[in-house]
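Descriptive structure summary
One-letter residues, chain by chain:
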Amino acid sequence: MSIFQYVVLKINGEDRPVMIRSADTLLEVLRNELGLTGSKPGCLNGDCGACTVIVDGKPMKSCLMLGVEGTGKEITTIEGLQGTAIQQAFVEYFAFQCGYCTPGYIMNCQSLIENEPKATDEKISEWLKSNICRCTGYEEIETAIKSVLRESNSKDRPISRESEMD
Amino acid sequence: MIPFEFEYIKPNTLEEAVTLYERLDSEGKEPVYISGGTEIITLGRLNVLYTGAVIDLKSIPECHVMTRENDRLVLGGCCPLTEVENANPFPLLTSASKEVADHTARTKITLGGNICANIFYREAVLPFLLAESTVTIMGPDGKKTLPINDLFDQTLQLNKGEFLVHITTDISSTKAPFFHMKRRKQWTTGYPLITVSGMKKDGDIRIAISGLCPFPFRSERIESCINDRFNSVEERVSSALQQLPGPILNDTEGSDQFRIFTLKNILSDLVKTLEGVDH
Ligand SMILES: Cc1cc2nc3c(=O)[nH]c(=O)nc-3n(C[C@H](O)[C@H](O)[C@H](O)COP(=O)(O)OP(=O)(O)OC[C@H]3O[C@@H](n4cnc5c(N)ncnc54)[C@H](O)[C@@H]3O)c2cc1C
Ligand code: FES
Ligand code: FES
């Protein structure tokens, strides 16, 4: 047992061996040790959501988790998302201005899409209240997430008889 | 950045956790148990909390249970709040939990961590105080189970080396009619101006409050005023307000007078809601 630990973190599908302080947060490990600077430091206190990543499928504020707690878990950062529907929708609906909060929002939205594909307005609001944006009026972000959920739900709908005959 | 160093250990059994605690304590490491582990970061960062060794309870199966045993619900101290909400075995607890922090933070904040928190709101304890649950704790003297209302006085009164394993609640209490109201100064997430939980059990109303004083509490004196049905609701609420413990918080979330004004309105709503239901 020591104040430093050698850990192997599974990040974006890759094993990343790294020597860290037990006292380092996951956010510090990602940014300072592994060069994954997409997760943003904001309040460092769990309030703003700029540092949000996905851990074992659930959204997680990486400033509220120790790096050592990440062993044995699947961690996804913004660098691990490539060309997803939610990234596309953020561009399409102008859901960012300065962009600082955007990685955190995208990770939270992605986790919402995966966990709650049929999310109600109430559920969307409950999840998204975890993040703060100082630039937009939030409406564009809401439009972006709703467009993705709508699109994936319409794809899920059973094909009607008419369209089968087309 | 946390400005001090600590060892991090994750035991797999209750006994191992206690043995580790005793050894690290004898080495002068000032060990702490963690469940969600967020306070070591939020308070450690500000130098409000110090430790040389962190014992993470999350791998101990007994601390992670969420089961129904006969007519009792057992919830482990390491269950994240969102897991409890999703399973929803105790609707009043779900209501209280959903108002703590925000959804993402609650995937990390745990039942045990909230109840044993240094940050004094400890809102998740309110439903258990009303349900008269029992808490199972582990420590150097082994495992014991006690009524939460005997052990919780402002905070869970644990002796050195003891930790919360799980909380057990009668199913009948989890189904009792309830009321839960959290008022904040601003925003829709985060700390309360005042939070009030109520439950109707055996014909009487039970009340527990967080955010009024620098500790959560359930008060028999307040409850006996509220259950005095010979008086009007207004009279009962007003005599309950004479029985408040102190000090009343007077801080950036709100003045003491504003808190009492808000409490008065919430108590009236609570009585009207719960007296309207049979139980
Ligand atoms: C963004 C944010 C918003 C918040 N908003 C609210 C709010 O609205 N309402 C509210 O009530 N709180 C709120 N909090 C406070 C939060 O609930 C507490 O800080 C809580 O302690 C966090 O839970 P945890 O599981 O991470 O605790 P931990 O960090 O694991 O532990 C907290 C304390 O409890 C002790 N402890 C932990 N588990 C045990 C155990 N099993 N037995 C004995 N001792 C134990 C630890 O030693 C430590 O002293 C908020 C916190 C954050 C970060
Ligand atoms: S930096 Fe993590 S929540 Fe703000
Ligand atoms: S786009 Fe600037 S903070 Fe959100």
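Within an unreviewed UniProt entry, the label attached to chain B reads FAD binding domain-containing protein, and the organism entered is Evansella tamaricis.

A few words on the overall build of chain A. Each helix and strand counted, chain A has six helices and five strands in total. In sequence order, chain A lays out its α and β elements as β-β-α-β-β-β-α-α-α-α-α. When the backbone C-alpha atoms are referred to their principal axes, chain A occupies close to 65 × 35 × 25 Å. Looking at chain A as a whole, 47% of its 166 residues qualify as buried. Here the contacts in chain A between residues at least 6 apart in sequence split such that 53% fall between residues at least 24 apart. In the form shown here, chain A has an accessible surface area of approximately 8,300 Å², with 50% of it arising from carbon and sulfur atoms. For chain A, the separation between the mean place of its 17 positive charges and that of its 24 negative charges on side chains is 2 Å.

Taken as a class, soluble globular proteins show a tendency for nonpolar side chains to be buried jointly. Residues and elements named next belong to chain B. Residues F90, L111, I115 and F128 are the most contacted members of the largest nonpolar core, which totals 36 residues. For this core, the element with the highest residue contribution is helix α7 (residues 125-131), accounting for six residues. What F90 contacts, discounting residues up to four positions off in sequence, is L73, P127, F128, A131, T169, S173, T174 and M199.

Glancing now at the packing of helix α11 (residues 233-241) of chain B against helix α12 (residues 256-275) of chain B. Residues and elements named next belong to chain B. Packing of α11 against α12 leaves a shortest axis separation of 10 Å and a crossing angle of 135 degrees. The pairing of α11 with α12 is recorded here as oblique in orientation. The handedness of the crossing between α11 and α12 is right-handed. Each of V233, E234, R236, V237, A240 and L241 in α11 lies in contact with α12, whose residues at this interface are I260, L263, K264, L267, S268, V271, K272 and E275. Broken down by class, the residue content of the contact of α11 with α12 amounts to eight nonpolar, one polar and five charged.

With respect to spatial proximity, 31 residues lie near ligand 1, and among them B:Y33, B:S35, B:T38, B:T110 and B:E123 are the closest. Residues within reach of ligand 1 are spread across chains A and B. A distance of 2.7 Å separates an oxygen atom of ligand 1 from a polar atom in the side chain of B:E39. In the environment of ligand 1, a nitrogen atom lies 2.8 Å from a nitrogen or oxygen atom belonging to the backbone of B:L164. For ligand 1, whose accessible area on its own is 960 Å², the fraction buried by protein is 95%. Elements with a contribution of two residues or more to the shell around ligand 1: β2 (32-34), α6 (111-115) and β10 (163-170) of chain B. Across the shell around ligand 1, the residue classes break down as 14 nonpolar, 11 polar and six charged.

Tallying the contact residues gives 29 residues for chain B and 30 residues for chain A. Sorting the residues of chain B by area buried against chain A places B:Y8, B:H103 and B:T104 first, and these three jointly supply 23% of that buried surface. For the pair chain B and chain A, the number of links is six salt bridges. In this structure, the salt-bridge partner of A:E126 is B:R106, at a minimum N-O distance of 3.0 Å. At the surface where chain B touches chain A, the tally comes to 17 residue pairs in polar contact (both at pLDDT 80 or more). When residues of the side of chain B that touches chain A are traced back to their parent elements, those giving at least two are β1 (7-9), α1 (14-26), α2 (39-42) and α5 (103-106) of chain B. Here the side of chain B that touches chain A gets four residues from one element, more than from any other, and that element is α5(B). Considered class by class, the residues forming the side of chain B that touches chain A number 10 nonpolar, eight polar and 11 charged.

Conventions we followed
- Residues numbered from 1 in each chain as written.
- Chains lettered and ligands numbered in written order.
- Predicted model: local features only at pLDDT ≥ 70, side-chain atom pairs only at ≥ 80, totals over all residues.
- Heavy atoms only, no water.
- Helix = DSSP H or I, 4+ residues; strand = E, 2+ residues; numbered from the N terminus.
- Buried < 20%, exposed > 50% of the residue type's maximum accessible area, 1.4 Å probe, protein only.
- Contact = heavy atoms within 4.5 Å.
- Areas by Shrake-Rupley, 256 points an atom, 1.4 Å probe, with all protein chains shown as cover.
- Lys, Arg positive; Asp, Glu negative; His and termini not counted.
- Charge placed at Lys NZ, Arg CZ, Asp CG, Glu CD.
- Core = buried A, V, L, I, M, F, W, Y, C linked by side-chain atoms within 4.5 Å.
- Axes fitted to C-alpha atoms, helices over the stretch in contact; angles between N-to-C directions.
- Parallel < 35°, antiparallel > 145°, perpendicular 65-115°, else oblique.
- Left-handed = near helix turned anticlockwise from the far one by under 90°.
- Nonpolar A, V, L, I, M, F, W, Y, C, P; charged D, E, K, R; others polar.
- Near = heavy atom within 4 Å.
- Polar contact = N/O pair within 3.5 Å; in protein donor to acceptor, adjacent residues only side chain to side chain.
- Buried area = accessible area lost by both parts, 1.4 Å probe.
- Salt bridge = Lys/Arg side-chain N within 4 Å of Asp/Glu carboxyl O.

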